[in-house]
Amino acid sequence: MKEQNENGMDGMTADADVSQLLSLLQKGDAKAFSRLYDLHVNMLFNYGCRLTTDKELLKDCIHDVFIKIYNKREDLGEVSNFKSYLFISLKNKLCDETRKRINYSDLSVEELNPIAPENVENDYIRFEAESVSCRKVKHLLNQLPPRQKEALTLYYIEEKKYEDICVLMNMNYQSVRNLIHRGILKLRSISAI
Amino acid sequence: MKHELNTIEDFLINDSFIRFVFEQTSSLKEYWDSFFRQHPDKEPVAKEAEHILLYELDAPGITLAEQEKLKEKILADIK
């Protein structure tokens, strides 16, 4: 972690620091936003360097990630861990941008070495449902509240992306994630009965 | 598995793995413990990816000048 003194916040533990900054940012504190950037930009840059050699693309994506954080600051309370949120956001942004470039380019996919979107969560639900038959899964899904059922069906059965589910269900990204997460927990609890 | 997890990068870009490393929730631990029991050969690569995520990303990377320039652009764009 970098030592930076301008806000007089050194000496605090990093996690407490970050969670305090996040709640300040939720209230619209621009200094907190700036400090969050200072604390995380190098880490994000190094993470991105593992995924792409294109430094300009990487900086553009980091830019977009922070813009999104600022614009969605009121939803930050839903973020359970800021670091994993940052890494996943940057990775998704890099994937999206790389995909766009492939669509606009004559180069073969192999030449561009795109970052393949990983989705072990599909395997995760398979794991969750391993012990029950397909029919039982449907039966269990039917016991969920309608919105949870809809979100889980879109995500795991129709394999829609979170972004698409946001549009389909008219909800923000984090709320969709939360809905799916709650749905999984609920599925697990009812399947254990 | 539908998506093969063979390289360090495969783990570094895996949402579930990233969340496992930083959040350590019981359901993620359960999932990944089971995954590594079924695929013990994947564990060393995953450990390397975990080490990168936890300890290696604080190394010098972006220069201070680039960092400030990027920050100015972000701050200008949110106004």
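Bear in mind that the values here come from a model prediction, so they are computed numbers and not experimental data.

Thresholds applied
Residues numbered from 1 in each chain as written. Chains lettered and ligands numbered in written order. Predicted model: local features only at pLDDT ≥ 70, side-chain atom pairs only at ≥ 80, totals over all residues. Helix = DSSP H or I, 4+ residues; strand = E, 2+ residues; numbered from the N terminus. Buried ≥ 20, exposed ≤ 12 C-beta atoms within 10 Å, placed from the backbone. Axes fitted to C-alpha atoms, helices over the stretch in contact; angles between N-to-C directions. Left-handed = near helix turned anticlockwise from the far one by under 90°. Contact = placed C-beta atoms within 7 Å. Nonpolar A, V, L, I, M, F, W, Y, C, P; charged D, E, K, R; others polar. Expected span 1.5 Å × (residues − 1). Arc of directions from axis to C-beta. pLDDT = per-residue confidence, 0-100.

Peer 1: Outline the overall build of chain B, supporting the account with residue identities and numerical values.
Peer 2: The number of helices and strands found in chain B is five helices and zero strands. Helices (α) and strands (β) of chain B occur, in sequence order from the N terminus, as α-α-α-α-α. Expressed as a percentage of its 79 residues, the buried residues of chain B come to 28%.

Peer 1: Got a sec to walk through the environment of H51 of chain B? Specific residues and values, please.
Peer 2: Residues and elements named next belong to chain B. Topologically, H51 is positioned in helix α4 (residues 43-56). Overall, H51 belongs to the exposed group, with 12 C-beta atoms counted inside 10 Å. With 30 residues separating them along the chain, H51 and V21 place their C-alpha atoms 9.3 Å apart.

Peer 1: How would you explain the packing of helix α8 (residues 146-157) of chain A against helix α9 (residues 162-169) of chain A if you had to name every residue and give the values?
Peer 2: Residues and elements named next belong to chain A. Running from amino to carboxyl end, α8 crosses α9 at an angle of 145°, the nearest separation of the two axes being 10 Å. Here the hand of the crossing between α8 and α9 comes out right-handed. Residues E150, A151, L154 and Y155 of α8 touch α9, and the partners they reach there are I165, L168 and M169. In terms of residue class, the contact of α8 with α9 is built from six nonpolar, no polar and one charged.

Peer 1: Could you give an account of the environment of D64 of chain A, with specific residues and numbers?
Peer 2: In this fold, D64 of chain A is placed in helix α3 (residues 55-71). Considering only alpha carbons, one finds D64 of chain A and K93 of chain A, 29 residues apart in sequence, at a separation of 7.9 Å.

Peer 1: Give a description of helix α1 (residues 14-26) of chain A that names residues and reports values.
Peer 2: Residues and elements named next belong to chain A. For α1, built from 13 residues, the straight-helix expectation of 18 Å at 1.5 Å per residue is met to within 8% by its first-to-last C-alpha distance of 18 Å. Those residues of α1 that fall on the buried side of the exposure criterion are L21, L22 and L25. Seen from one end, α1 has its buried residues packed into an arc of 105°, which puts them on one side. Of the exposed residues in α1, those oriented more than 90 degrees away from the buried face are A16 and S23.

Peer 1: Could you give me a rundown of the packing of α1 of chain A against helix α2 (residues 30-49) of chain A, with the residues and numbers involved?
Peer 2: All names here are of chain A. Two elements in contact, α1 and α2, have axes separated by 8 Å at closest approach and are oriented at 140°. The element α1 and its partner α2 pack so that their crossing is left-handed. Each of V18, L21, L24 and L25 in α1 lies in contact with α2, whose residues at this interface are A32, F33, R35, L36 and L39. Considered class by class, the residues forming the contact of α1 with α2 number eight nonpolar, no polar and one charged.

Peer 1: Let's hear about unusual backbone geometry: which residues, and what values?
Peer 2: Note on backbone geometry: most residues besides glycine have negative phi, and most peptide bonds are trans. Residue and element names in this part refer to chain B. With phi around 50°, Q24 is a residue other than glycine that occupies positive phi space. Residue placement: Q24 occurs in the loop between α2 (15-23) and α3 (26-38). A count of 11 C-beta atoms within 10 Å places Q24 in the exposed class.

Peer 1: Please set out the environment of L187 of chain A residue by residue, giving values where relevant.
Peer 2: Of note, L187 of chain A is situated in helix α10 (residues 173-191). Remark: the alpha-carbon pair of L187 of chain A and L141 of chain A, spanning 46 residues in sequence, is separated by 7.2 Å.

Peer 1: Could you give me a rundown of the confidence of the model for chain B, with the residues and numbers involved?
Peer 2: Residues and elements named next belong to chain B. For chain B, mean pLDDT is 92; residues scoring 70 or higher make up 96% of the total. Of all secondary-structure elements in chain B, the lowest mean pLDDT belongs to helix α1 (residues 8-12), at 93, while α4 reaches the highest, 96. Two summary scores accompany this predicted model of the complex, namely pTM at 0.63 and ipTM at 0.93.

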